[in-house]
Amino acid sequence: RIRMAQARASVEAMDRMIRNVTKFMTNQQTLMSALRNDYATVGEEWNDPKYQQLGETLNQAITAISGSSASLSECVTKLQLLKGKLEEYLSQQV
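Here is a short report on the structure shown in this document. (Residues numbered from 1 in each chain as written. Predicted model: local features only at pLDDT ≥ 70, side-chain atom pairs only at ≥ 80, totals over all residues. Heavy atoms only, no water.)

## Examining the packing of aromatic side chains
Any pair of aromatic rings gets described here by the distance separating the centres and the angle formed by the planes.
Here's step 1: As enumerated under the stated definition, the model contains 2 aromatic pairs in all.
Here's step 2: Where Tyr39 meets Tyr51, the ring centres are 4.3 Å apart and the plane angle is 5 degrees; that geometry is what we call stacked. Taken together, the positions of Tyr39 in helix α1 (residues 4-43) and Tyr51 in helix α2 (residues 49-93) put the pair 12 residues apart, joining distant regions of the chain.
Here's step 3: Relative accessible area serves as the criterion here: at 8%, Tyr51 is assigned to the buried category.
Here's step 4: Centroid distance Trp46 to Tyr51: 5.9 Å. Interplanar angle 65 degrees. Geometry classified as edge-to-face.
Here's step 5: On the basis of relative accessibility, which here comes to 33%, the residue Trp46 falls in the partly exposed class. (Phe/Tyr/Trp six-rings, centres within 6.5 Å; stacked < 30°, edge-to-face > 60°. Helix = DSSP H or I, 4+ residues; strand = E, 2+ residues; numbered from the N terminus. Buried < 20%, exposed > 50% of the residue type's maximum accessible area, 1.4 Å probe, protein only.)

## Comments concerning the side chain of Gln28
Here's step 1: Of note, Gln28 is situated in helix α1.
Here's step 2: The contacts of Gln28, once residues within four sequence positions are left out, are Ile65, Ser68, Ser69 and Leu72. (Contact = heavy atoms within 4.5 Å.)

## Considering the pattern of salt bridges
Here's step 1: Inspection of the entire model under this criterion finds 3 salt bridges.
Here's step 2: A salt bridge links Lys83 to Asp15; the shortest N-O distance between them is 2.7 Å. In this pair, Lys83 is assigned in helix α2 and Asp15 in helix α1, connecting sequence segments 68 residues apart.
Here's step 3: The exposure class assigned to Asp15 is partly exposed, which follows from its relative accessible area of 24%.
Here's step 4: Among the ionic pairs, Glu87 bridges to Lys83, the shortest N-O distance being 3.9 Å. (Salt bridge = Lys/Arg side-chain N within 4 Å of Asp/Glu carboxyl O.)

## Notes on the nonpolar core
Here's step 1: Counting residues in each nonpolar core, the largest one holds 6 residues, listed as Met32, Tyr39, Tyr51, Leu58, Ile62 and Ile65.
Here's step 2: Listed by contribution, the elements that provide at least two residues to this core are α1 and α2.
Here's step 3: With 4 residues, α2 is the largest single contributor of residues to this core.
Here's step 4: For Met32, the contacting residues outside a window of four places in its chain are Ile62, Ile65 and Ser66.
Here's step 5: Counting residues in hydrophobic clusters, the runner-up holds 5 residues, among them Met25, Leu72, Val76 and Leu79. (Core = buried A, V, L, I, M, F, W, Y, C linked by side-chain atoms within 4.5 Å.)

Below, the structure written as structure tokens:
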């Protein structure tokens, strides 16, 4: 049988997983926003084909970053569901 303290630690670990992935997603949004703002700042003094190339490169980075958002959101949902399963399992073991 699993002791109560071990069960609580497992649930807390699942909570941390969910918080960490969610925090990472928030950090990604903040990063993309900062990149866009910095690009606009650079554009106040630089506007030629190379600046446009910088924009294209930046868009590639933003696309790569945002591409993981849907996947990560799905992971958070799955983690939440699995946390429920863990809690259910632990309640039967304690």
